[in-house]
Amino acid sequence: MKDILNAPFMVEMTRTTTNMYQQGWDERNGGNISLMLEREQVEDYLERGKVLRAIPTGFSAPELEGKYFLVTGTGKYFKNVRYEPEEDLGLVRLTDGGAQAQLLWGFAGGGSFTSEFPAHMMSHAARLKVDAGNRVVMHCHPVNLLAMTYVHDLDERAFTRTLWQMSTECLVVFPEGVNVLPWMLCGTAEIGRVTAEKMGTARLVVWAQHGIYGAGGSLDETFGLIETAEKAAEVYLKIAHLPRRNTITDEQLHLLEQRFNVKARPGFLD
Ligand code: 2HA
Ligand code: ZN
């Protein structure tokens, strides 16, 4: 059996959580990540048939039956993952139509997966319907996006347009825009359900006065997606209180669509 701590998915997860902490996106136990894996990616690192314990999930997700997820633990600090991965991360396999998670590795010392597990799993199911290559759901608390939700209109078109106007990259990186949820109680199946619904039309879902959810094909790509939106929010906060003399016009955004062969979310450009 190979050492799971050297598995490519483990190395990338550890690097990503460290990086996110260093960006200031994941204070204390803030944030959570789930990475979907195939049996072939994990089987060499696990003792065949060994289940450490079964954890009830509290929801059903038949589409994810039998899928493997490397996921961050509840109450665990991203800051510490690189020093104690076996305490802070867990590798689970969903069974019983998603109602049970078999713990195959990790959460040493009795831990469990993130409190946002329902939002993660329902978001995976929703993204897989529109993108079979989706593997990652990532949640964090980036400071500028969070701040922006206090001062900007939360209308999805208005919020998206502001981000697109703050940096030329944005329309190219997230042409579908961002979806926005009003403040809601986190850690519940209900916020999971509405987040997943929003994930049907965009890979970024802002949770007002809380943070953001991102989804993508890899940890790197999903990190980059959030990073791009976060930087745009930072520019917005630097200029929001100043008289605006210039902007990126809709005409220019249409030029980007053509040049980079992307299509802006219908109705979001004039
Ligand atoms: O896991 O970020 O939304 C801590 C959180 C909850
Ligand atoms: Zn959070």
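Coordinates for the structure precede this section.
In this text, all values refer to a predicted model and were calculated from it rather than measured experimentally.

### Observations regarding the overall build of the protein
Helix and strand content of the protein: 10 helices and nine strands. What you see for the protein is a C-alpha radius of gyration of 19 Å, in line with the 18 Å of a compact globule of 270 residues. Once the C-alpha set of the protein is aligned to its principal axes, its extents read approximately 60 × 35 × 35 Å. A burial count over the protein gives 53% of its 270 residues as buried. Entry remark: accessible area of the protein is about 12,300 Å², with carbon and sulfur atoms responsible for 50%. Averaged over its 27 positive side-chain charges, the protein has a centre that lies 1 Å from the centre of its 34 negative ones.

### Observations regarding the pairing of strand 9 (residues 211-216)
Counting buried positions along strand 9 gives six out of six residues, so the element sits mostly inside the fold. Side chains of strand 9 alternate between two faces, with Gly 211, Tyr 213 and Ala 215 and Ile 212, Gly 214 and Gly 216 buried alike. With four bridges connecting them, strand 8 (residues 204-207) and strand 9 associate as antiparallel partners. Bridge assignment links Leu 204 to a residue of strand 9, and that residue is Gly 214. Counted between consecutive antiparallel strands, the loop separating strand 8 from strand 9 contains three residues, among which Gln 209 sits at a positive phi close to 55°.

### Re helix 6 (residues 156-166)
Along helix 6, nine of the 11 residues are buried, which leaves the element largely enclosed by surrounding structure. Where helix 6 begins, the side chain of Asp 155 points an oxygen toward the backbone nitrogen of Arg 157, at a separation of 3.2 Å.

### Some remarks on the sheet that holds strand 1 (residues 32-37)
Neighbouring strands of a sheet are bound in pairs by backbone hydrogen bonds; such pairs are parallel or else antiparallel. Taken together, nine strands build an open sheet; the order of strands is 2-5-4-3-1-6-9-8-7 and the sheet is mixed. In the strand order of this sheet, the two ends are held by strand 2 (53-56) and strand 7 (178-181), each with one partner. Taken over all neighbouring pairs, the strand axes of this sheet differ in orientation by 25° on average, direction set aside. Packing of helix 6 onto the sheet brings it into contact with strand 7 and strand 8, and relative to strand 7 it is tilted by some 130°.

### Comments concerning the pairing of strand 5 (residues 100-106)
Counted residue by residue, strand 5 has six buried out of seven residues, so it is predominantly covered. Relative to strand 5, strand 2 runs antiparallel, the two sharing four bridges. From the neighbouring strand, Pro 56 faces strand 5, where its bridge partner is Gln 100. Taken together, the six bridges between strand 4 (residues 89-95) and strand 5 define a ladder with antiparallel strand orientation.

### Examining the site of ligand 1
The immediate surroundings of ligand 1 are formed by Asn 29, Gly 30, Gly 31, Asn 32, Glu 116, His 139, His 141 and His 210. In the environment of ligand 1, an oxygen atom lies 2.9 Å from a nitrogen or oxygen atom belonging to the backbone of Gly 31. Residue His 141 places a side-chain N or O atom 3.0 Å away from an oxygen atom belonging to ligand 1. Bound to the protein, ligand 1 loses 87% of the 220 Å² it would expose on its own. Residue composition of the shell around ligand 1, grouped by class: no nonpolar, seven polar and one charged.

### Considering the packing of helix 1 (residues 8-23) against helix 9 (residues 219-239)
Axis separation between helix 1 and helix 9 bottoms out at 10 Å; the angle between their running directions is 15°. Considered as vectors, helix 1 and helix 9 are oriented roughly parallel to each other. For helix 1 against helix 9, the interelement crossing comes out right-handed. Here helix 1 contributes Glu 12, Met 13, Thr 16, Asn 19, Met 20 and Gln 23 to the contact with helix 9, which in turn contributes Leu 219, Asp 220 and Phe 223. The residue makeup of the contact of helix 1 with helix 9, split by class, is four nonpolar, three polar and two charged.

### Brief notes about the coordination of the zinc ion (ligand 2)
Around the zinc ion (ligand 2), the protein contributes the donor atoms His 139 (NE2), His 141 (NE2) and His 210 (NE2), which lie 2.0 to 2.1 Å from the metal centre. In the primary sequence, the donor residues of the zinc ion (ligand 2) line up as H-x1-H-x68-H. Pair noted here: His 141 is in the loop between strand 6 (136-140) and helix 5 (143-151) and His 210 is in the loop between strand 8 and strand 9, with a separation of 69 residues, a long-range link. Comparing His 141 with His 210, the two get one shared label, buried.

Calculation notes
Residues numbered from 1 in each chain as written. Chains lettered and ligands numbered in written order. Predicted model: local features only at pLDDT ≥ 70, side-chain atom pairs only at ≥ 80, totals over all residues. Heavy atoms only, no water. Helix = DSSP H or I, 4+ residues; strand = E, 2+ residues; numbered from the N terminus. Rg over C-alpha atoms; globule rule 2.2 N^0.38 Å. Buried < 20%, exposed > 50% of the residue type's maximum accessible area, 1.4 Å probe, protein only. Areas by Shrake-Rupley, 256 points an atom, 1.4 Å probe, with all protein chains shown as cover. Lys, Arg positive; Asp, Glu negative; His and termini not counted. Charge placed at Lys NZ, Arg CZ, Asp CG, Glu CD. Pairing = 2+ DSSP bridges. Polar contact = N/O pair within 3.5 Å; in protein donor to acceptor, adjacent residues only side chain to side chain. Axes fitted to C-alpha atoms, helices over the stretch in contact; angles between N-to-C directions. Contact = heavy atoms within 4.5 Å. Near = heavy atom within 4 Å. Nonpolar A, V, L, I, M, F, W, Y, C, P; charged D, E, K, R; others polar. Parallel < 35°, antiparallel > 145°, perpendicular 65-115°, else oblique. Left-handed = near helix turned anticlockwise from the far one by under 90°. Donors = N, O, S within 2.8 Å, 3.2 Å for Na, K, Ca; no water.

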